[in-house]
Amino acid sequence: MIYQTYENGALTTMAKALYQEERAIKRLDGWFLAKETEMLTEEKYTGCTPEIKKAHLLCEVLKAIPLSLSENAIFVGAQRDAFAKSYALINPSFTVEGFSGYCDPLAIYNDIEPNEEFSAERIDRVRTYTSKTKMVEMLNKTYDKAETYTKEVIFFVEQVTGHVIPDFRYALKHGVDALIKEAEAKDGEFYEAAAIALSGVKILIDRYLELIKEQKNTCNEARKAQLNLLETSLKNIRSNGASNLYEALQLYLLLWEIMCMEQAPNPYAFSVGNADRIFEPYRGELSREDAAELFKHFLVFYNVGDRSWAISQNVLVGGRDMEGNDLTSTMTYAIMDAYYDMNLPQPILSVKLHKNTPKKLYEEMGRFFFSAGVLTPSLFNDDALFEVLKNNGVDEKDIPDYSVAGCQEPLIMGKDNANTTNSWLNLPKVLEMMLTGGYSAITGEKLMDAEDYSLTNFRDVYYRVLDKVIDQMTESANGASCALSELKVPFLSVFMGGLEYGADMRDTKVQGTKYNGSGCLVHGLTVLADSFIAMDKFAEKYPDGKEMLVDAIKNNFVGYEELRSFLLSCPKFGNNIAEVDDEAREIALRVSKMLRDRKNYLGNPFRPDFSSPSTHLTYGYWVGATPDGRESRGMLGYGVDPLYGEASNGLGFRMLSNMKLPFEEFNGGYASHLGIDPKYFKGQDYYEKGEEFHKHIIDPLFFNEMKEGVSPFYLYVNVTTPETLRKVLANPEKYAPSGVYIMRIHGTFVNFLDLSPAIQEDIIARLDLHSTSLC
Amino acid sequence: MQIFQKGFNFSQDGPGNRLVYHIAGCNMRCLWCSNPEGMQESNTHTTYSKDTLVAEAISCKPLFFDGGGVTFTGGEATLHAEELMEVLQALKEAGIHTAIETNGTSPKLMEILAYVDYLMMDFKHYDDAILKKFTGLEGSIIKENYAAITQSGRQCHIRIPLINGFNADHAQGFAEFLSKFPTDNIVFEFLKYHEFGKEKWQSAYQITDGFVNEEQLAAFQQAFDKHGLIYIET
């Protein structure tokens, strides 16, 4: 049907035109209209329970938001109205110095520029309304209490919106009516709220049908045929399940739109999940090429405004089942084709690998890794992650459904609310607290109490200080989660197990999802390991030198240049040196245990996640000089990677150090990046190079038979050189004529040209090709 | 053992993924050398004892995939033959595959080979006068070693750096000389001139037009084909 309506190639042309239309959008005001609508209609629902009120307010928003339908669109729907122009890293005004230690829920109102339609007074009214909500009040209390810890980022906490993976499969198969019926058949406020929220799908579809009807009056015959197809499909999925790929993609996008609107503004890092498995059952007779064309429109949907502001939305393909059978399908390759041809900044692509992943998949990935300026997928090791998840209590039948929320956090699709970015821990700053007795080496301010130590017992003391910090951090993190629970999410909860558990997924008393936890992003692992070893060496050389070391650190090594040279010459992580690699392993083990021993608001463990999404820069900025010889305010190591410049013996040695880490502990995830010089790959074409990448990088790292314990399970790469990136910056018209040059930072793609200068420099620095050279 | 560089490389320094140690000091002065910093023993980075090196190699075993192991190169790996043999023997005892890359000038090469699983030897020129002019050494021992190796029947991978102005127009002479000996277990490889090391020489670099063209390479391939010599590309 779809290909009787659209001429060959037309879908791709339209998708590319649609993306250009999106990139021309400079203002994002929909989220503000949503908040304003809630403010203006709330009174109608006085007396309702919070869940039911929220469901009604969602419907009010869906009735009120302005809708549009481009002549290049083959689907209706947009997530644009849920996002603001906020995300720091792609904001030109982002600076490393700008971190405030405070997640101000009202700051978003600074992201909308007043104009004739949205006057300063109008914006201020909604800001004031928001400021009086219970959520903001609770959050402020939490931040106030933790202020001395967060102002220079000993730790940081935040309320986590987005960051889960809804399971829309049941809705795609059986339709929205089936869900409403199920909700209505059960008693309880949550179920009532769920049914109301689900009716929002019909509200939205009916409004789009009206719009289509209007457009049909004025469009040409060819467009009318397209709109007829859209109309027929919408009428079907208004109640029923999808009957083909076109309808499945359409229904998925509408559910996504409402899910995001429910959490507007800025519910970052929702994930599509295992997209090839979700959509393959609907592909029917469509060829790989035809399915790819349809999927291109799906991809355009995820790009919001001029810089693709809805960041970190993950699409996964590939992987295996519990028996080890490969799960790639025609849809896997269709999705990859769509990605390659469109090369958009969002959504991000991740590929799940296992030891029996077909060679074809690696070969086809070659074009992503070895085409300049083209997106590269993140890589996950199913064999290892399956073990990690199993060891952390995930049922076997759920394990293959793990997906990735945000950058690299593994969560079970539709069953896991992990509050992934709830808390952020800065290990080197804690070391600074111990060394200085709780005084900042940056500002001199007293930030906390810390017990005295000696050069022989410093490890024990460090862990005691850390214990105290983690106590404070988890208390604050739970405070932020409880504050957020004031904002109910009945619509999303339906797709997170709510109809089974009968509770909102944010409920702090009844667990509304099968799995629940809270995340902690652990920063500076390798700086701490390098520092501990340097302190050992220092103590051997200067057994009575404690005061000298502290003075050197407080003075950023000014006057202590010789000492700094000595500290820099001490063994560093990333060079396959046992004593420092073992230290990093020990720290990772202990910190993971300390976190897992802490419970969140529902009594579930915190999940260690050794990642640092650009916060290795912003947090490093608040850490004074460290005993490894790192200068004050310098960056921390990225994720579990060696500190930039400290691993100089090439990729093999770096991999060997990395492989000693206890990956079985990292059930919250971890981050690791390799900048790889393309010159090492000699294959004749992308396919051969893809297979070389498999043999030289992936097999030794992920599927190494000599690795004891759980293998590494995550990696992202940028295959380029600093010289290439500097050329792109100097002459974007020549090297990126489309205005888009995709790079990876953390789990997400970015248009390199959209990034703030600080982040562009970080990407260039962290390519760190000495650490990854292959000869 | 004086090591000025180490790192992993796949398949270009022997089979599989290999840990490559560059031993400082060389008895040749090849004008195109891409590691000139390794010519002098005084330019050393790290001193390794036998035990340290073997322990490191053992810790690297997870990366010796596809039949990999340890390769010694230079500088010239065989300058300190006794020391090298001790380390090679210890590596073999630890179950690690060994390889060396050599310019073939060591009188003790055949002795060393008792501990070498995979041998890569340069054969830069058959004409002693030209060889001496460009490398500082004439080639009688190299030829003796080549003869001994071919007659021993052991595997050997002979590498010929092709450099315009030095040997790139002498395809016929190479093929004729090399085919005088039994080559059933020998593979050859042509290494086309590159300038990866040029920057290290700074202004002292003397090769001005070293790149070889397709015709020159084809002439080598044809001459070797004609003489039944097998060549590979790694």
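We now turn to the structure provided with this report. These numbers were taken from a predicted model, which means no experiment stands behind them.

### Looking at the overall build of chain B
Stage number 1. Counting its regular elements, chain B contains eight helices and nine strands.
Stage number 2. What you see for chain B is a C-alpha radius of gyration of 17 Å, in line with the 17 Å of a compact globule of 234 residues.
Stage number 3. Seen through its principal axes, chain B has C-alpha atoms that stretch 45 × 45 × 30 Å.
Stage number 4. The 234 residues of chain B split such that 54% are buried.
Stage number 5. Intrachain contacts of chain B at a sequence separation of at least 6 include 73% that bridge at least 24 residues.
Stage number 6. Carbon and sulfur atoms make up 49% of the accessible area of chain B, which amounts to about 10,000 Å² in all.
Stage number 7. Charge centroids of chain B, computed over 18 positive and 30 negative side chains, lie 2 Å from each other.

### A few points about the packing of helix 3 (residues 30-41) of chain A against helix 5 (residues 120-131) of chain A
Residues and elements named next belong to chain A.
Stage number 1. Running from amino to carboxyl end, helix 3 crosses helix 5 at an angle of 60°, the nearest separation of the two axes being 10 Å. Read as a crossing pair, helix 3 and helix 5 show a hand that is left-handed. Every residue of helix 5 that contacts helix 3 at Phe 32, Leu 33, Lys 35, Glu 36, Glu 38 and Met 39 is listed here: Arg 122, Ile 123, Arg 125, Val 126 and Tyr 129.
Stage number 2. Its residues assigned to classes, the contact of helix 3 with helix 5 shows six nonpolar, no polar and five charged.

### Points about the sheet that holds strand 8 (residues 186-192) of chain B
All names here are of chain B.
Stage number 1. If you walk across this open sheet you meet the nine strands as 3-1-2-4-5-6-7-8-9, and the pairing is mixed. For this open sheet the edge positions go to strand 3 (46-47) and strand 9 (231-232), each flanked by a neighbour on one side alone.
Stage number 2. Relative to strand 4 (residues 69-74), strand 2 (residues 17-23) is paired through five bridges, and the arrangement is parallel. Bridging across to strand 4, Ile 23 finds its partner in Gly 74.

### A few points about the state of the cysteines
All names here are of chain A.
Stage number 1. Across all of its chains, the model carries zero disulfides over all chains by this definition.
Stage number 2. Here Cys 48 is not cross-linked by a disulfide; its sulfur's nearest cysteine counterpart is in Cys 59, at 12 Å.
Stage number 3. According to the relative accessible area criterion, Cys 48 is partly exposed, its value standing at 29%.

### Side note on the environment of Leu 656 of chain A
Residues and elements named next belong to chain A.
Stage number 1. Along the chain, the position of Leu 656 falls in helix 26 (residues 651-658).
Stage number 2. Relative accessible area serves as the criterion here: at 4%, Leu 656 is assigned to the buried category.
Stage number 3. Spatially, the C-alpha atoms of Leu 656 and Ile 577 are 9.1 Å apart, while their sequence positions differ by 79 residues.

### Let's talk about the interface of chain B and chain A
Stage number 1. Each partner contributes residues to the interface: chain B has 14 residues there, and chain A has 15 residues.
Stage number 2. Looking only at chain B, the three residues that lose the most surface to chain A are Phe 8, Pro 62 and Leu 63 of chain B, adding up to 38% of its buried area.
Stage number 3. Our count for the contact surface shared by chain B and chain A stands at zero salt bridges.
Stage number 4. Inspection of the chain B/chain A interface yields two residue pairs in polar contact (both at pLDDT 80 or more).
Stage number 5. Broken down by element, the side of chain B that touches chain A gets its largest block of residues, five residues, from strand 1 (residues 2-10) of chain B.
Stage number 6. A breakdown of the residues in the side of chain B that touches chain A according to their chemical character gives seven nonpolar, four polar and three charged.

### Some thoughts on the pattern of salt bridges
Oppositely charged side chains are able to pair whenever their charged atoms sit close together.
All names here are of chain A.
Stage number 1. Throughout the structure, instances matching the rule amount to 64 salt bridges over all chains.
Stage number 2. Notably, a salt bridge pairs Glu 475 with Lys 145, separated by 2.5 Å at the nearest N-O pair. On the criterion of sequence distance, the pair formed by Glu 475 in helix 18 (residues 458-484) and Lys 145 in helix 6 (residues 134-150) is long-range, its members being 330 residues apart.
Stage number 3. Notably, a salt bridge pairs Glu 445 with Lys 151, separated by 2.8 Å at the nearest N-O pair. With a gap of 294 residues between them, Glu 445 in the loop between helix 17 (427-436) and helix 18 and Lys 151 in the loop between helix 6 and strand 1 (155-157) connect regions that are remote in the sequence.
Stage number 4. Looking at Lys 151, the relative accessible area reads 28%, which means it is partly exposed.
Stage number 5. One continuous salt-bridge network, built from bridges that share partners, spans Asp 395, Lys 397, Asp 398, Lys 415 and Lys 514.

Conventions we followed
Residues numbered from 1 in each chain as written. Chains lettered and ligands numbered in written order. Predicted model: local features only at pLDDT ≥ 70, side-chain atom pairs only at ≥ 80, totals over all residues. Heavy atoms only, no water. Helix = DSSP H or I, 4+ residues; strand = E, 2+ residues; numbered from the N terminus. Rg over C-alpha atoms; globule rule 2.2 N^0.38 Å. Buried < 20%, exposed > 50% of the residue type's maximum accessible area, 1.4 Å probe, protein only. Contact = heavy atoms within 4.5 Å. Areas by Shrake-Rupley, 256 points an atom, 1.4 Å probe, with all protein chains shown as cover. Lys, Arg positive; Asp, Glu negative; His and termini not counted. Charge placed at Lys NZ, Arg CZ, Asp CG, Glu CD. Axes fitted to C-alpha atoms, helices over the stretch in contact; angles between N-to-C directions. Left-handed = near helix turned anticlockwise from the far one by under 90°. Nonpolar A, V, L, I, M, F, W, Y, C, P; charged D, E, K, R; others polar. Pairing = 2+ DSSP bridges. Disulfide = S-S within 2.5 Å. Buried area = accessible area lost by both parts, 1.4 Å probe. Salt bridge = Lys/Arg side-chain N within 4 Å of Asp/Glu carboxyl O. Polar contact = N/O pair within 3.5 Å; in protein donor to acceptor, adjacent residues only side chain to side chain.

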